[in-house]
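# Residue-level structural notes
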Amino acid sequence: MTQAPNLPLAGLRIVELGHYIAAPFATRLLADLGAEVVKVEPPGGDPVRGWGSSVEGNAVWFSVHGRNKLSVTLDLKKPEDRDRLVALLKRADALVENFRAGYLERIGLGPDVLHAANPRLVIGRISGYGQDGPYRDKPAFGAIGEAMGGLRHLTANPGQTEYPPPRCGVSISDDLAGMYCAMAVVAACWQVKGDPAAKGRVVDVDLVSSVFSLMEGMLPEYGLFGWVRQPQGAAIKTAAPTNTYPCADGRWLCVAGNSDLIFKRLMAAIGRPGMAADPRFATNGGRCANVAELDAAIADWTRTKPAAEAEAVLEAAEVPCSRLFDMADCATDPHFRDRGWVMEVPDPLLGDVLHPAAPFRFDGVAPREMVRWTGPAAGAHNDMVFEAVARGETRPLAP
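Residues numbered from 1 in each chain as written. Predicted model: local features only at pLDDT ≥ 70, side-chain atom pairs only at ≥ 80, totals over all residues. Heavy atoms only, no water.

So, about the packing of helix H1 (residues 22-32) against helix H8 (residues 172-194). Two numbers describe how H1 lies on H8: the axes approach to 7 Å, and their chain directions differ by 50°. In terms of orientation, H1 and H8 fall into the oblique class. The hand of the H1/H8 crossing is right-handed. In contact with Ala22, Phe25, Ala26, Leu29 and Leu30 of H1, H8 contributes Asp174, Asp175, Gly178, Met179, Cys181, Ala182 and Val186. (Axes fitted to C-alpha atoms, helices over the stretch in contact; angles between N-to-C directions. Helix = DSSP H or I, 4+ residues; strand = E, 2+ residues; numbered from the N terminus. Parallel < 35°, antiparallel > 145°, perpendicular 65-115°, else oblique. Left-handed = near helix turned anticlockwise from the far one by under 90°. Contact = heavy atoms within 4.5 Å.)

Right under this line is the structure:
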């Protein structure tokens, strides 16, 4: 399946000047939603094509990273290829890029030039620190967004200073910036498309503030009281019991038993009804004040059982819980499979490959219909795209 007539962004035309993660993640979301995305790559392809495992030189990650996109190659150091890009952007609704701030201006493709060619173009820009400010010219990758945005400070274990606070295991600041950019680009396109006189907009998203936006009430707490939230490990200081507990098979079980009724069911399930009747634990505030004793009691129980068995006991008592899933668990879990969160997709470069579903659902559209094709080879659609541009074609393109 290649067309996307039932998806909400069908007919929206996006050009991606993305490399590595943030902009390609934004456009992957837009493409999953039905937008036509033309990914412009350098002649050697996006550097991420060289990351991770591969099959006969084809990166496995790119099957997902580039899915539902058309790939063309241009060398933006050459004037003629910059002209071809401008011609492509004349038929586009939006551009999404994640070069270092000011790069487009330096190669003669700043917003003034692009808006002269297409006055209604929305330009989504993702950078490390934003398009202005004293840090705009500093280089940055996702780890820097985590560090400066406040997240990495929180991922340490309390009191542990001999090891650095770990990253969460994925490029979370790139992904966050990509999500925010996708949302803002759609909002700007909505405004432009709804007003025949509207001019194009520039959307400025950065890695640091994307992470910083997740810091909940920490900024007003600091401003009012001078409080600086410290690492909390696996627990939540404002709700108890909510923590992750060791099991007999070396795995971990996450338990969230912090409402009064759930707490009582939890204590009955682990054979500690006396703790449920103890006035010290009757309210969430009391449980938080005595959380060490509470966590020790739960951990004493989980240590006696394999994680799956402990999970089954608590699920039967309707206590929110889950083993810590690794990718093997995700790939084989019956709910993941039934919901289509994990799907088998034929990839001409790799063979059959597992893909994660798009993280949104629409009535009348099966999850599999949103994955219209897998990440193509670099430049696979040069002829189709540039011939359509030369013809003045405005209809959505698809392989």
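After that view, the rundown keeps rolling.
Attention shifts here to the packing of helix H6 (residues 142-149) against H8. The geometry of H6 relative to H8 is characterised by a closest axis approach of 7 Å and an angle of 90° between their N-to-C directions. Taken together, the axis directions place H6 and H8 in an arrangement best described as roughly perpendicular. Residues Gly142, Ala143, Gly145 and Glu146 of H6 lie in contact with H8, whose contacting residues are Ile172, Ser173 and Asp174. Of the residues that constitute the contact of H6 with H8, the class distribution is two nonpolar, three polar and two charged. (Nonpolar A, V, L, I, M, F, W, Y, C, P; charged D, E, K, R; others polar.)

For the rest of this paragraph, the subject is the packing of aromatic side chains. Any two aromatic rings considered together are summarised by their centre-to-centre distance and by the angle between their planes. All chains considered together, the criterion is met by 10 aromatic pairs. On the numbers, 6.4 Å between centres and 50° between planes, the contact of Phe360 with Phe362 is tilted. Here Phe362 falls in the partly exposed class, since its relative accessible area comes to 28%. Members of the aromatic cluster, connected to one another through ring pairs, are Tyr20, Trp51, Trp61 and Phe141. (Phe/Tyr/Trp six-rings, centres within 6.5 Å; stacked < 30°, edge-to-face > 60°. Buried < 20%, exposed > 50% of the residue type's maximum accessible area, 1.4 Å probe, protein only.)

Here we come to the sheet that holds strand S10 (residues 252-256). Strand order across the open sheet formed by three strands is S9-S10-S11, with antiparallel pairing between neighbours. Each edge of the open sheet is held by one strand with a lone partner, namely strand S9 (242-246) and strand S11 (321-323). Averaged over all neighbouring strand pairs, the angle between strand axes comes to 20°, with direction disregarded. Its contacts with the sheet put helix H14 (residues 291-302) on S9 and S10, and the angle it makes with S9 is roughly 35°. (Pairing = 2+ DSSP bridges.)

Another point: the side chain of Thr242. One can find Thr242 in strand S9. At 2.8 Å, the side chain of Thr242 and the side chain of Asn258 are in polar contact. The contact partners of Thr242, leaving out residues within four places of it in the chain, are Ala234, Ala235, Ile236, Val255, Ala256, Gly257 and Asn258. (Polar contact = N/O pair within 3.5 Å; in protein donor to acceptor, adjacent residues only side chain to side chain.)

A volume near 770 Å³ is recorded for the largest pocket. Taken together, 23 residues make up the lining of the largest pocket; nearest its centre are Arg28, Val64, Val170, Met327 and Pro356. Counting residues per element, the ones that place at least two in the lining of the largest pocket are H1, helix H2 (60-65), H8, helix H16 (327-332) and strand S13 (351-356). Ranked by residue count, the leading element in the lining of the largest pocket is H2, at five residues. Split by residue class, the lining of the largest pocket holds 17 nonpolar, four polar and two charged. By volume, the second largest pocket amounts to about 660 Å³. At the level of elements, helix H7 (151-154) and helix H10 (218-225) are the ones that each hand at least two residues to the lining of the second largest pocket. (1 Å grid on protein atoms, 1.4 Å probe; cavity = no way out; pocket = protein on both sides within 12 Å on 5 of 7 lines; lining within 4 Å. Points joined across faces, edges and corners; volume = space filled by probe spheres on them.)

Right, let's talk about the pairing of S9 for a bit. Among the five residues in S9, five count as buried, and that is most of the element. Every second residue of S9 is oriented toward a common face, with Thr242, Thr244 and Pro246 on one face and Asn243 and Tyr245 on the other, all of them buried. Hairpin connection, S9 to S10: the antiparallel pair is bridged by five residues, and Gly250 has positive phi, about 85°.

So, on to the pattern of salt bridges. The tally for this structure, following the rule as stated, stands at 24 salt bridges. The salt bridge involving Asp137 is made with Arg136; its shortest N-O contact spans 3.4 Å. A relative accessible area of 44% places Asp137 in the partly exposed class. The class for Arg136 is partly exposed, based on a relative accessible area of 25%. Among the salt bridges present, the one from Arg152 reaches Glu146, with a minimum N-O distance of 3.0 Å. For the pair formed by Arg152 and Glu146, the shared burial category is buried. In the salt-bridge network here, residues are joined through shared partners; they are Glu16, Lys39, Asp46 and Lys69. (Salt bridge = Lys/Arg side-chain N within 4 Å of Asp/Glu carboxyl O.)

The next point concerns unusual backbone geometry. Look at the link from Ala240 to Pro241: it is a cis peptide, with omega at -5°. Summarising the element assignment, Pro241 is placed in the loop between H10 and S9. Despite not being glycine, Asn68 shows a phi value in the positive range, around 60°. Residue placement: Asn68 occurs in the loop between H2 and strand S5 (69-73). Asn68 sits in the buried class, given a relative accessible area of 1%.

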